[in-house]
Every structure is written in C-alpha cells, then in structure tokens.
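# Tertiary structure, described
Single-letter residue listing:
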Amino acid sequence: QVQLVESGGGLVQPGGSLRLSCAASGSIFRINAMSWYRQAPGKQRVLVASITSGGTADYVDFVKGRFTISRDNAKNTVYLQMNSLKPEDTAVYYCSAEIKALAALPLYDYWGQGTQVTVSS
C-alpha cells in the first residue's frame, strides 16, 4: 500500500513563505514524476509544479520565480518552497506521484490528502 503524506501548510501573511513536504511510503519500486497541485474554493484543481526523477522542474506561469519544487529521491520526498505568497495562493495543496509499486505493476498516480495554505493578513 502506497501513501503520500503532505505537511507544512498553515496560515501566513502576504509576502511570507512556507515550505510544503510530501513523503511517499509503503511498497515502492520506482517513483517517476512528482507534482504539486492546488485547489482553491469553488475552483478546479490545477497543476502548480512538477519535477522528474532526474530533477527537471516545470512550473505554471503564475508561480514562476516565487515557488521552487525539489525532491530527495533517497527519502521519496518532494518539497515546494513558496515565497512571496499572495492571498490568491490560498488553496488546498495536493502532492501527486507516478509510482510503480512493484516491478510487475504499471505506473499509477497516487495522491496525498492535501494540506491547507491560507495567505491572509
């Protein structure tokens, strides 16, 4: 059983920073891409950033220059460093990972339970 567990969310003032973490655990043969999504109230879930197993990162335009995604393959963990936060960054942030649980199984997209980020004065 594979699990993704996020942490690091909370309340922060505009202009502040937060660092989210997401650790994968359980039966894991290989992890390919790891990603962060967010879902604001009343809106669809959208991709924020992704990173390949080799460390190549990609960002949606509205977070470029402010957010940094990174990963520690030895710990099966992905991070999202969020700087210069704005009220419009308020959302539930979810991590996702493409994981092959066993060598004989196909890649499958696993999701965490989400962590709330609120940017407000």
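Here, the structure is the one placed above.
This structure is a prediction, so every number in the text was calculated from the model and none was measured.

Within the structure shown, the criterion is met by one disulfide. Here Cys22 engages in a disulfide with Cys95; their sulfurs sit 1.9 Å apart. Taking the sign of the S-S torsion, 40 degrees for the link of Cys22 and Cys95, the bridge is right-handed. Here Cys22 is found in strand β3 (residues 18-25), whereas its partner Cys95 is found in strand β9 (residues 91-100), with 73 residues between them in sequence. Using a relative accessible area of 1% as the deciding quantity, one classes Cys22 as buried.

One open sheet holds the four strands; their spatial order is β1-β3-β8-β7, and the pairing between them is antiparallel. Strands at the two margins of the open sheet, each flanked by one partner only, are β1 (3-7) and β7 (67-72). Neighbour-to-neighbour, the strand axes of the sheet open up by a mean angle of 15 degrees, direction not taken into account. As paired strands, β1 and β3 are joined by five bridges and run antiparallel to one another.

With respect to the helices, strands and loops of the structure, Ser50 is situated in strand β5 (residues 46-51). Its relative accessible area of 18% is what places Ser50 among the buried residues. Separated by 16 residues in the primary sequence, Ser50 and Met34 place their C-alpha atoms 5.7 Å from one another. Residues in contact with Ser50, not counting those within four places in the same chain, are Met34, Ser35, Thr56, Ala57, Asp58 and Ile69.

Attention now goes to the pattern of salt bridges. Here the structure, examined in full by the defined rule, presents three salt bridges. Here Asp61 makes a salt bridge to Lys64, at a shortest N to O gap of 3.2 Å. The closest approach of N and O atoms between Arg66 and Asp89, which form a salt bridge, is 2.7 Å. One end of the pair, Arg66, is in the loop between β6 (57-59) and β7; the other, Asp89, is in the loop between β8 (77-82) and β9, with 23 residues separating them in the sequence. Comparing Arg66 with Asp89 shows no difference in burial state: the two are buried.

Next up on the list: the packing of aromatic side chains. Two measures describe an aromatic ring pair: the distance that separates the ring centres and the angle between the ring planes. Scanning the model with the defined rule gives two aromatic pairs in all. Where Tyr37 meets Trp111, the ring centres are 4.8 Å apart and the plane angle is 55 degrees; that geometry is what we call tilted. Separated by 74 residues along the polypeptide, Tyr37 in strand β4 (residues 30-39) and Trp111 in strand β10 (residues 108-111) bring together distant segments of the chain. Its guanidinium or amino end placed over the ring of Tyr79, Arg19 lies 4.0 Å from that ring's centre, counting from NZ or CZ.

The rules behind the values
Residues numbered from 1 in each chain as written. Predicted model: local features only at pLDDT ≥ 70, side-chain atom pairs only at ≥ 80, totals over all residues. Heavy atoms only, no water. Disulfide = S-S within 2.5 Å. Helix = DSSP H or I, 4+ residues; strand = E, 2+ residues; numbered from the N terminus. Buried < 20%, exposed > 50% of the residue type's maximum accessible area, 1.4 Å probe, protein only. Pairing = 2+ DSSP bridges. Axes fitted to C-alpha atoms, helices over the stretch in contact; angles between N-to-C directions. Contact = heavy atoms within 4.5 Å. Salt bridge = Lys/Arg side-chain N within 4 Å of Asp/Glu carboxyl O. Phe/Tyr/Trp six-rings, centres within 6.5 Å; stacked < 30°, edge-to-face > 60°. Lys NZ or Arg CZ within 6 Å of the ring centre and 35° of its normal.

Keep in mind that these numbers describe shape and distance, not what the molecule does.
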